[in-house]
Amino acid sequence: MLLYSTKNPTLRVTLKEAVMKGLPDDNGLFMPSWIPELPAGFIKDLRSYSFQEISLTIADALFQHAIPYKDLEAIILHAVNFPAPVVRLDEYRYVLELFHGPSLAFKDFGARFMAQLMGYFNQEEKKPLTILVATSGDTGGAVAAGFFRTPGIEVVILYPSKKVSLLQEKQLTTWGHNIAALEIDGTFDDCQSMVKQAFLDAELTHHLRLSSANSINIARLIPQSFYYFEAFKQLPAEGEPIVFSIPSGNFGNLSAGLMAKKMGLPVQQFLAATNTNDIVPKYLHTGIFSPRPSIPTLSNAMDVGNPSNFPRMLDLFPETRECSTWNMITQAISGKGFSDQETENAMREIYSQYHYIMDPHGAVGYLAMQRYQQKQPNHRGIILETAHPAKFLSDVERILGFSIPVPERLASLENRTKQSTPLKAEFRELKSYLMDRIQ
Ligand SMILES: *Cc1c(COP(=O)(O)O)cnc(C)c1O
């Protein structure tokens, strides 16, 4: 498998280089130079394969021996170790639950797979790899869970003191072993700039092998295509066309869906569902992509003003003589943004109609599906539920008006002990902390 940069189509790097670097030097995004179409027989027989078998087949087709089959199998068995069940609301509406992993959000799929790949590629190295992550809350939890006890890899998480929720803090600080948490007396931006400075510091990079667990690492995108196949498999074989609705922020999840379609999954349409940060829906309506500062909303993991995967989406629809990128992309995807008020109403409606408790992000996906099905009532819709509602406990309980069950793996966090190192928001503090760890 070879990858190019969205800013340089002629570049070719190996999977190892793309995964370990995260970003090309030109600040584009890595993309596979070739996306294979899977055999029609595989798609037809999808129902006879397990989630892990499906994932292995897709990864192997994509990687093309970049990783020997036996090794890849071990990676998949470790990375894809929780289910992605489809829950039926009615004959035409289904929910794909992506929150059965350790941090209760779909980002666990990407984080676990990336951790496995980095651990694998790092085996040949003598020095441990130190991964620096700045987090405003959610990503750090998924990364910590993903890398926990990965041999040869140390993770150092920087988070802004008193600016993450109690549960989020527990998800960052209660691991121990190879996961260290630094509680920074500053903002998320301070954390991010400290991490950036570390990568530029010659002395540090001489002594330490540093990497980032960047959210746009291609290793996070690839496993997100697996569960589109897994969802498809769980619907009755015979029936109307299938449409996916994807609650979106940086559009990694939707890009992975587009890759699944390119690999042969018969998807009629993708719905780009956003909150009021509707940069991509606006692009789909007008052809103009105009990023702007993000607006805080109820579905805060989608508060993104400049969706980072947008160049990947464009590259999946290369212009032809007959058809522009925009023409093709608007055939494959339709999009709409929804307000917090609409989201709250949808959560109440989903509960009263189906007795299903949906989190605010999934509810945005529901709204887009509802709108689509006004015109296409017989198409079968799969809504991606990207997080467990208990992750947004106080909002969900306020909106629905009753208390909801909290899964054991979230509830038990409360009793675990926080282990963090407080640091001033200054790069030299981070530097001496990292240098001390070497000795
Ligand atoms: C990250 C996240 C999203 C947005 O996903 P993208 O791939 O960035 O579009 C949606 N919902 C939840 C709960 C998230 O954590």
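This report concerns the structure included in the present document. The model shown is predicted, which means the values in this text are computed figures rather than measured ones. (Residues numbered from 1 in each chain as written. Predicted model: local features only at pLDDT ≥ 70, side-chain atom pairs only at ≥ 80, totals over all residues. Heavy atoms only, no water.)

1. What about the sheet that holds strand 4 (residues 86-90)?
Spatially, the 6 strands line up as an open sheet ordered 4-5-13-10-11-12, and their pairing is mixed. One side of each edge strand has no neighbouring strand; the edge strands of this open sheet are strand 4 and strand 12 (333-337). For this sheet, the mean inter-axis angle between neighbouring strands, taken without regard to orientation, is 25°. Across 5 bridges, the pairing between strand 11 (residues 269-274) and strand 12 is parallel. Pairing of Thr274 across the sheet is with Gly337, part of strand 12. The strands touched by helix 12 (residues 279-286) are strand 11 and strand 12; relative to strand 12, the strand with the most contacts, the crossing angle is about 125°. (Pairing = 2+ DSSP bridges. Helix = DSSP H or I, 4+ residues; strand = E, 2+ residues; numbered from the N terminus. Axes fitted to C-alpha atoms, helices over the stretch in contact; angles between N-to-C directions. Contact = heavy atoms within 4.5 Å.)

2. A word on the site of the ligand
Within the structure, the ligand sits among 14 residues, and Lys107, Gly249, Asn250, Phe251 and Thr386 are positioned closest to it. Backbone polar atom of Gly249 to an oxygen atom of the ligand: 2.8 Å apart, as the coordinates give it. Thr386 places a polar side-chain atom, nitrogen or oxygen, 2.8 Å from a nitrogen atom of the ligand. Compared with its free state, where it exposes 390 Å², the ligand has 95% of that area covered by protein. Of the residues contributing to the shell around the ligand, the split by class is 6 nonpolar, 7 polar and 1 charged. (Near = heavy atom within 4 Å. Polar contact = N/O pair within 3.5 Å; in protein donor to acceptor, adjacent residues only side chain to side chain. Areas by Shrake-Rupley, 256 points an atom, 1.4 Å probe, with all protein chains shown as cover. Nonpolar A, V, L, I, M, F, W, Y, C, P; charged D, E, K, R; others polar.)

3. Describing the nonpolar core
With 98 residues, the main nonpolar core has Phe63, Phe147, Tyr227, Tyr228, Phe229, Phe244 and Ile333 as its most contacted residues. A total of 10 residues in this core trace back to one element, the largest contributor, which is helix 10 (residues 218-234). If we ignore the near neighbours within four places in the chain, the residues touching Phe63 are Met1, Leu15, Leu72, Phe113, Leu117 and Ile222. Among the nonpolar cores identified, the runner-up in size contains 35 residues, and Ile350, Tyr356, Leu410 and Leu413 belong to it. (Core = buried A, V, L, I, M, F, W, Y, C linked by side-chain atoms within 4.5 Å. Buried < 20%, exposed > 50% of the residue type's maximum accessible area, 1.4 Å probe, protein only.)

4. Examining helix 6 (residues 138-147)
With 8 of its 10 residues buried, helix 6 lies for the most part within the structure. Listed in full, the buried residues belonging to helix 6 are Gly140, Gly141, Ala142, Val143, Ala144, Ala145, Gly146 and Phe147.

5. Regarding the packing of helix 3 (residues 51-63) against helix 10
Where helix 3 meets helix 10, the axes come as close as 9 Å, and the angle between the chain directions of the two elements is 135°. One finds that helix 3 runs oblique with respect to helix 10. Two packed elements cross with a definite hand, and for helix 3 against helix 10 that hand is right-handed. Here Phe51, Ile54, Ser55, Ile58, Ala59, Leu62 and Phe63 of helix 3 lie close against helix 10, whose contacting residues are Ile222, Ser225, Phe226, Tyr227, Phe229, Glu230 and Lys233. Looking at the contact of helix 3 with helix 10, its residues break down into 10 nonpolar, 2 polar and 2 charged. (Parallel < 35°, antiparallel > 145°, perpendicular 65-115°, else oblique. Left-handed = near helix turned anticlockwise from the far one by under 90°.)

6. Comments concerning the pattern of salt bridges
Evaluation of the coordinates by the stated rule reveals 17 salt bridges. Residue Lys282 is joined to Asp278 by a salt bridge in which the shortest nitrogen-to-oxygen separation is 3.2 Å. Under the relative-accessibility criterion, Asp278 is labelled buried at 13%. Note that Asp395 is salt-bridged to Arg398, the shortest N-O span being 3.4 Å. Note that Asp395 and Arg398 are positioned in helix 17 (residues 393-400) at a spacing of 3 residues, about one turn of the helix. For Asp395, a relative accessible area of 25% translates into the label partly exposed. Take Arg398: its relative accessible area is 48%, and that puts it in the partly exposed class. Each member of the salt-bridge network shares a partner with another, and the members are Glu344, Arg348, Asp395 and Arg398. (Salt bridge = Lys/Arg side-chain N within 4 Å of Asp/Glu carboxyl O.)

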